[in-house]
Amino acid sequence: MRFIFFFSLIFLGSGCAKVVGYLNLAPSDNKVRRAFAKSNIKPEIGYLQSGNRRLRYISIGADSLPVTLLLHGSPSALYRFREWFRDSSIYNKTRLVAVDRPGYGRSGLGKAEISIARQAEILAPILTKFAKNQPVVVLGKSYGGPVAARLAMNHPDKVRGLILVSASVAPKLEKTPRFTKKLVQPATRWMFPKVLRVAAKEKLSHDKALCEIENDWPKITCPTYVLHGCGDRLIYYGNAEFACQKLVNAPVTFIPFDALRHNLFAMQTDSVKHYLLEAVERCTTCLKP
């Protein structure tokens, strides 16, 4: 079984996988536009320079609405949020902004940034751009969770709500498959697509990156929602407990989901949307005179 699994991964890293559009994690701008063509929805596709990084984002919703910044997991890209951009019940109430995190999609695919703190610094111009006149809720899924948390630590004046979905926030509380190192070793890394190599580099450096931000959790003061599957065998349930313990200065709403694993975002989409809109309403209400 190990032999079959390993060579299945090799297949995913081959040109055959590219033919079938492996994971659709780095679609062109035109492909993103075509994904919305039938619904007559035209999200804005934009690029923003941040230091030596060029970030791609998409957004939809009126400028007058509060903003929701969506941060994907690993491996992934902004394209994973495309169904949300088709949902008028969301973008009529909050302006959606999704961004390819550094190293993914069209934000320098293959050029990994293993520091969570540095990723937040790179993404800060996106936050600044969309937080000029409106409050922002940041939603981070899986690996995007600690990056979202870091943004809330660094920018309490802009981030007025935080949602952590199956977030990997606690050092040493996630599963690292044995084959992960094969994705970055010189002798074998050529077999795998860039997106998996970036994910492996993040994974192997994650404990250190989480320790670097561990003492700054008290800086988060905005309402925070922690959603986690009790049966998550990849990002263990203890991550949610860790977040709740560390969020000593933030009002926390903790929502555990029985039996769900790391598929919470896909299996409980309506619940995630519900808490997102609740967070948006809370941050908007707080700003009313």
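Everything below is about the structure shown above.
These numbers were taken from a predicted model, which means no experiment stands behind them.

The rules behind each value
Residues numbered from 1 in each chain as written. Predicted model: local features only at pLDDT ≥ 70, side-chain atom pairs only at ≥ 80, totals over all residues. Heavy atoms only, no water. Disulfide = S-S within 2.5 Å. Helix = DSSP H or I, 4+ residues; strand = E, 2+ residues; numbered from the N terminus. Contact = heavy atoms within 4.5 Å. 1 Å grid on protein atoms, 1.4 Å probe; cavity = no way out; pocket = protein on both sides within 12 Å on 5 of 7 lines; lining within 4 Å. Points joined across faces, edges and corners; volume = space filled by probe spheres on them. Salt bridge = Lys/Arg side-chain N within 4 Å of Asp/Glu carboxyl O. Buried < 20%, exposed > 50% of the residue type's maximum accessible area, 1.4 Å probe, protein only. Axes fitted to C-alpha atoms, helices over the stretch in contact; angles between N-to-C directions. Parallel < 35°, antiparallel > 145°, perpendicular 65-115°, else oblique. Nonpolar A, V, L, I, M, F, W, Y, C, P; charged D, E, K, R; others polar. Core = buried A, V, L, I, M, F, W, Y, C linked by side-chain atoms within 4.5 Å.

Within the structure shown, the criterion is met by 0 disulfides. A disulfide-free cysteine, cysteine 211 has its sulfur positioned 19 Å from the sulfur of cysteine 244, the nearest such atom. The structure places no disulfide on cysteine 244, whose sulfur is separated from the nearest cysteine sulfur, that of cysteine 230, by 12 Å.

What follows covers the side chain of serine 168. Relative to the helices and strands, serine 168 resides in the loop between β6 (159-165) and α7 (194-213). Beyond its immediate stretch of four places on either side in the chain, serine 168 contacts Ser142, Pro146, Glu174, His206, Leu210, Ile235 and Asn239.

For the rest of this paragraph, the subject is the layout of surface pockets. For the largest pocket, the calculated volume is near 920 Å³. Every residue lining the largest pocket is counted, 34 residues in all, and those nearest its centre are Ser74, Pro75, Ser142, Leu234 and His262. Elements supplying a minimum of two residues to the lining of the largest pocket: α7 and α9 (264-267). With 6 residues, the single largest contributor to the lining of the largest pocket is α7.

Let us look at the pattern of salt bridges. Under the counting rule described, the total for this entry stands at 14 salt bridges. Between glutamate 83 and arginine 86 there is a salt bridge; the shortest N-O distance is 2.4 Å. Assessed through its relative accessible area of 48%, glutamate 83 is described here as partly exposed. You can call arginine 86 partly exposed: its relative accessible area is 30%. For lysine 172, the salt bridge is made with aspartate 207, and the minimal N-O distance between the two is 4.0 Å. Here the residue lysine 172 occupies a position in the loop between β6 and α7, and aspartate 207 occupies one in helix α7, the gap between them amounting to 35 residues. Note on lysine 172: relative accessible area 68%, which makes it exposed. Owing to a relative accessible area of 27%, aspartate 207 belongs among the partly exposed residues under this scheme. Residues joined by salt bridges that share partners form a network here, namely Asp29, Arg56 and Asp100.

Running from amino to carboxyl end, helix α5 (residues 116-130) crosses α7 at an angle of 85°, the nearest separation of the two axes being 8 Å. With respect to each other, α5 and α7 are oriented roughly perpendicular. Packed against α5, whose contacting residues are Ile116, Ala117 and Gln119, the element α7 presents Glu202, His206, Ala209, Leu210 and Ile213 at the interface. The residue makeup of the contact of α5 with α7, split by class, is 5 nonpolar, 2 polar and 1 charged.

Grouped together as the largest cluster of nonpolar side chains are 43 residues, with contacts concentrated most on Leu69, Leu71, Val138, Leu162, Trp217 and Ile220. The contact partners of leucine 69, leaving out residues within four places of it in the chain, are Val97, Val99, Ile126, Val136, Val137, Val138, Leu139 and Leu151. One finds Val32, Ile45, Phe85 and Val137 within the second-largest nonpolar core, a separate group that totals 34 residues.

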